[in-house]
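Examining the three-dimensional arrangement
Chain by chain, the residues run as shown.
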Amino acid sequence: MDKTMDQAVDKQTIPAAATPLTESEKNAIIGGVLLSMLLAALDQTIIAPAMPTIARALGHAEYLPWMVTGYLLTATAVAPLYGKISDVYGRRPTVYAAILIFLAGSLVSAMAPNMFVLVIGRAIQGAGGGGLFALAQTVIGDLVPPRERARYAAWVSGTWAVASIAGPLLGGTFAEHLHWSLIFWINIPLGLLAMAIINKPLKKLPIAAKHHRIDGLGAVLLVIATALLLLALNWGGSTYPWFSHEILGLVAGSAVFWALFALRLMRAAEPLISLEVLGNPIVLAGALSMFLLQAANIGASVYLPVYLQTVIGLSVSESGMAMLGLLLGTVAGAATSGRLIPRFVHYKRIAMIGIALAIVSIGVLSAIAGHASLLEVEILTTLIGLGSGTTFPVATVSVQNAVDRTHLGVATGVLTFLRTLGGALGVALLGAVALGYGLPLSAEGSQTHVQLTSALPFVMIFITAGITLVLALVAMMLMPEKALRGRDEAVAPVLAE
């Protein structure tokens with residue numbers, strides 16, 4: 001479709017807001033959705049330090065991993081659904097629904113009399129939290145044109161970094177000195193505050209696509225396919241061997257439902273995820289690059305503390321503090337990328353240079369892993385975070401810039417879905433590598449207390465993560481570019497290389 005046709009489509013499908021938003025209203029909305037996103041991100045990290053205390057209080061410690069798995073399953077599976085729902089029914093009711101579902105799950109979790117109810121509460125939380133992840137970036141996409149949007153991506157990365165640091169600290173403090181249920185009670189006032197902040201200004205956002213409907217069957221197939229795959233990734237190598245009947249059955253079942261979902265997308269009158277979005281080469285390449293990047297980053301970050309404890313010799317608390325370099329580097333990379341994107345015509349080169357820096361850094365780390373000093377590890381992990389962080393604004397802005405307003409929620413939901421799924425796959429992949437090279441893991445996926453005669457398992461983990469980053473770089477190189485739209489531009493042409 002050429003530029004003229006794109007402009008005609010945009011003029012027909014993009015409604016204008018009845019009352020323009022002021023800058024203060026825009027900032028209020030962005031602050032509110034980022035606060036709600038912070039709640040959802042915190043609940044991925046705040047639970048870990050409190051798990052032993054919760055097990056002593058409620059019993060049935062064998063079900064502790066489901067507190068994490070239940071949240072992850074529902075949060076990942078529903079992300080694309082929220083994007084479509086918000087495109088059809090509007091951002092405000094969809095954001096409110098996600099916050100209320102999250103708060104309902106928090107209430108159930110806080111009042112849980114036993115472990116079974118707590119796991120149910122966590123799954124309900126995830127059903128709301130997954131929407132908050134996708135909707136925060138979608139709403140920012142509504143408010144800010146792509147040319148100016150990159151700098152806000154750094155705020156999103158900063159929100160994740162705050163959650164990564166504050167979550168374990170709050171969880172440990174509440175569980176040790178107060179009561180574990182405060183982990184969930186704290187969400188109630190903060191969630192209500194977020195709703196109050198965004199209530200009035202969010203009313204001014206127009207509905208992108210009226211007179212459309214949600215494909216219920218497609219939604220069910222997507223949720224089942226995702227849930228089966230995530231169960232296989234979470235249980236494989238820990239609860240069951242990778243080639244056990246249970247894991248192979250889950251993988252086969254997931255493949256069947258993915259096939260049925262693909263068939264539904266091709267045959268439905270109005271599919272859950274538009275084929276126009278799925279067939280967009282920018283969306284495909286950008287989302288694939290993010291998927292691979294997260295597989296490397298999240299997977300490596302799970303095993304980096306184990307490396308710091310067993311090879312470098314740090315304590316558990318010291319290894320947690322040593323992770324700050326990776327986290328702060330990621331935020332700095334995203335912030336730098338966000339500022340540079342509007343100044344570059346070929347803006348994807350920012351991410352390409354960043355990923356290349358991360359590849360070189362993790363390659364050096366794998367080469368010196370057996371005899372590296374703590375300072376060397378800190379420098380290299382900071383550089384890995386700095387390089388990887390540049391990709392988040394580039395991928396998000398590129399994907400959102402590639403579609404019109406009626407598909408903004410769907411495209412952002414797909415990106416969020418693959419980003420989360422990539423993290424889960426990366427943990428499973430590097431876990432399999434760790435087991436294959438003699439690093440014992442517990443059922444919860446954490447390292448058991450063993451003496452390693454060499455750093456070989458970690459060398460192979462870093463090499464595998466590096467190879468995954470190379471694939472992410474290739475995907476980014478293959479992604480076409482469009483000139484970023486400004487405030488008065490409906491559509492932009494594809495840039496020549």
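Every value quoted in this text rests on a predicted model; they were computed, and no experiment measured them.

For the rest of this paragraph, the subject is the overall build of the protein chain. When you go through the protein chain residue by residue, the secondary structure sums to 20 helices and 0 strands. Relative to its full complement of 497 residues, the protein chain shows a buried share of 55%. The contacts in the protein chain between residues at least 6 apart in sequence include a share of 82% that link residues at least 24 apart. Carbon together with sulfur atoms contributes 69% to the accessible area of the protein chain, which is approximately 20300 Å² in total.

A few words on a nonpolar patch on the surface. A surface patch of nonpolar side chains, amounting to about 470 Å² of accessible area, comprises Leu107, Met111, Leu178, Leu182 and Trp185. Along the chain, the position of Trp185 falls in helix 8 (residues 182-185). By relative accessible area, which is 35% here, Trp185 ends up partly exposed.

Attention now moves to the packing of helix 16 (residues 348-368) against helix 17 (residues 374-389). Running from N to C, helix 16 and helix 17 cross one another at 155°; their axes reach a closest spacing of 7 Å. One element, helix 16, and the other, helix 17, form an angle in the roughly antiparallel class. Of the two elements, helix 16 crosses helix 17, and the hand of that crossing is left-handed. Every residue of helix 17 that contacts helix 16 at Gly354, Ile355, Leu357, Ala358, Ser361, Ile362, Val364, Leu365 and Ile368 is listed here: Glu376, Val377, Leu380, Thr381, Leu383, Ile384, Leu386, Gly387 and Ser388. Split by residue class, the contact of helix 16 with helix 17 holds 12 nonpolar, 5 polar and 1 charged.

What follows covers the side chain of Gln125. Residue placement: Gln125 occurs in helix 6 (residues 115-143). Polar contacts involving the side chain of Gln125 include one to the side chain of Ser106, which spans 2.9 Å. Reaching out from Gln125, the side chain makes a polar contact with the side chain of Arg122 at a distance of 3.1 Å.

Gaps between atoms show up when a probe of the same size as a water molecule is rolled over them. On inspection of all chains with the given rule, the structure shows 3 cavities of 30 Å³ or more. Of the pockets and cavities examined, the largest cavity occupies roughly 100 Å³. Lining the largest cavity are Ala296, Asn297, Ala300, Ser301, Leu304, Leu326, Ile362, Leu365, Thr381, Ile384, Phe462 and Leu469. Elements with a contribution of two residues or more to the lining of the largest cavity: helix 13 (281-312), helix 16, helix 17 and helix 20 (456-478). When residues of the lining of the largest cavity are assigned to their parent elements, the largest contribution, 5 residues, is made by helix 13. Counted by class, the lining of the largest cavity contains 9 nonpolar, 3 polar and no charged residues.

Another point: helix 3 (residues 51-58). Met51, Thr53, Ile54, Ala55 and Leu58 are the residues of helix 3 that are buried. Looking at the residues trailing helix 3, positive phi occurs at Gly59, about 80°.

This part takes up the environment of Gly370. Mapped onto the fold, Gly370 is located in the loop between helix 16 and helix 17. Residue classification places Gly370 among the exposed residues on the basis of a relative accessible area of 55%. Between the C-alpha atom of Gly370 and that of Phe458, which follows or precedes it by 88 residues, the distance is 8.6 Å.

What follows is about the packing of helix 19 (residues 408-436) against helix 20. Contact pair helix 19 / helix 20: the axes reach a minimum separation of 9 Å and the direction vectors enclose 145°. The chirality of how helix 19 crosses helix 20 is right-handed. In this structure, helix 19 uses Leu429, Leu430, Val433 and Ala434 to contact helix 20, whose residues at the interface are Met460, Ile461, Thr464, Ala465 and Thr468. Taken together, the residues that form the contact of helix 19 with helix 20 break down as 7 nonpolar, 2 polar and no charged.

Attention shifts here to the confidence of the model for the protein chain. Counting all residues, the mean pLDDT for the protein chain is 76, and 81% of those residues have values of 70 or more. The least confident element of the protein chain is helix 1 (residues 3-13), whose mean pLDDT is 40; the most confident is helix 16, at 92. Here residues 1-18 is a poorly scored stretch, pLDDT under 50, and it has 21 contacts once near neighbours within four places are set aside; other chains count. For the stretch residues 442-450, pLDDT sits under 50, and the model shows 13 contacts to residues farther than four places along the chain or on other chains.

Now for helix 18 (residues 391-401). Three or four residues apart is the spacing at which side chains of an α-helix point the same way, because the helix has 3.6 residues per turn. In terms of burial, helix 18 is a largely internal element, 11 of the 11 residues being buried. When we look at burial in helix 18, the residues that qualify are Thr391, Phe392, Pro393, Val394, Ala395, Thr396, Val397, Ser398, Val399, Gln400 and Asn401.

One finds Tyr307, Ile461 and Phe462 to be the most contacted residues of the largest nonpolar core, which totals 115 residues. With 15 residues, helix 13 is the single largest residue contributor to this core. Ile46, Ala110, Ala112 and Met115 belong to the second largest nonpolar core, which has 16 residues in total.

In this section: the packing of aromatic side chains. Counting across every chain of the model gives 4 aromatic pairs. An angle of 55° between the planes, with centres 6.2 Å apart, marks the rings of Trp258 and Phe417 as tilted. Residue Trp258 is found in helix 11 (residues 245-267), and its partner Phe417 is found in helix 19; the two are separated by 159 residues along the sequence. On the basis of relative accessible area, Trp258 is assigned to the partly exposed category, the value being 25%. Taken together, a centroid distance of 5.4 Å and an interplanar angle of 65° make the contact between Tyr307 and Phe458 edge-to-face. Within this pair, whereas Tyr307 is found in helix 13, its partner Phe458 is found in helix 20, the two being separated by 151 residues in sequence. Note on Tyr307: relative accessible area 0%, which makes it buried.

Here Gly32 shows up in helix 2 (residues 23-45). On the basis of relative accessible area, Gly32 is assigned to the buried category, the value being 0%. Separated by 165 residues in sequence, Gly32 and Ile197 place their C-alpha atoms 5.6 Å apart. Residue contacts for Gly32: discarding those within four places in its chain leaves Ala194, Ile197 and Ile198.

Reading guide: rules and limits
- Residues numbered from 1 in each chain as written.
- Predicted model: local features only at pLDDT ≥ 70, side-chain atom pairs only at ≥ 80, totals over all residues.
- Heavy atoms only, no water.
- Helix = DSSP H or I, 4+ residues; strand = E, 2+ residues; numbered from the N terminus.
- Buried < 20%, exposed > 50% of the residue type's maximum accessible area, 1.4 Å probe, protein only.
- Contact = heavy atoms within 4.5 Å.
- Areas by Shrake-Rupley, 256 points an atom, 1.4 Å probe, with all protein chains shown as cover.
- Patch = residues over 30% accessible without salt bridge, like charges linked within 9 Å, V, L, I, M, F, W, Y side chains within 5 Å.
- Salt bridge = Lys/Arg side-chain N within 4 Å of Asp/Glu carboxyl O.
- Axes fitted to C-alpha atoms, helices over the stretch in contact; angles between N-to-C directions.
- Parallel < 35°, antiparallel > 145°, perpendicular 65-115°, else oblique.
- Left-handed = near helix turned anticlockwise from the far one by under 90°.
- Nonpolar A, V, L, I, M, F, W, Y, C, P; charged D, E, K, R; others polar.
- Polar contact = N/O pair within 3.5 Å; in protein donor to acceptor, adjacent residues only side chain to side chain.
- 1 Å grid on protein atoms, 1.4 Å probe; cavity = no way out; pocket = protein on both sides within 12 Å on 5 of 7 lines; lining within 4 Å.
- Points joined across faces, edges and corners; volume = space filled by probe spheres on them.
- pLDDT = per-residue confidence, 0-100.
- Core = buried A, V, L, I, M, F, W, Y, C linked by side-chain atoms within 4.5 Å.
- Phe/Tyr/Trp six-rings, centres within 6.5 Å; stacked < 30°, edge-to-face > 60°.

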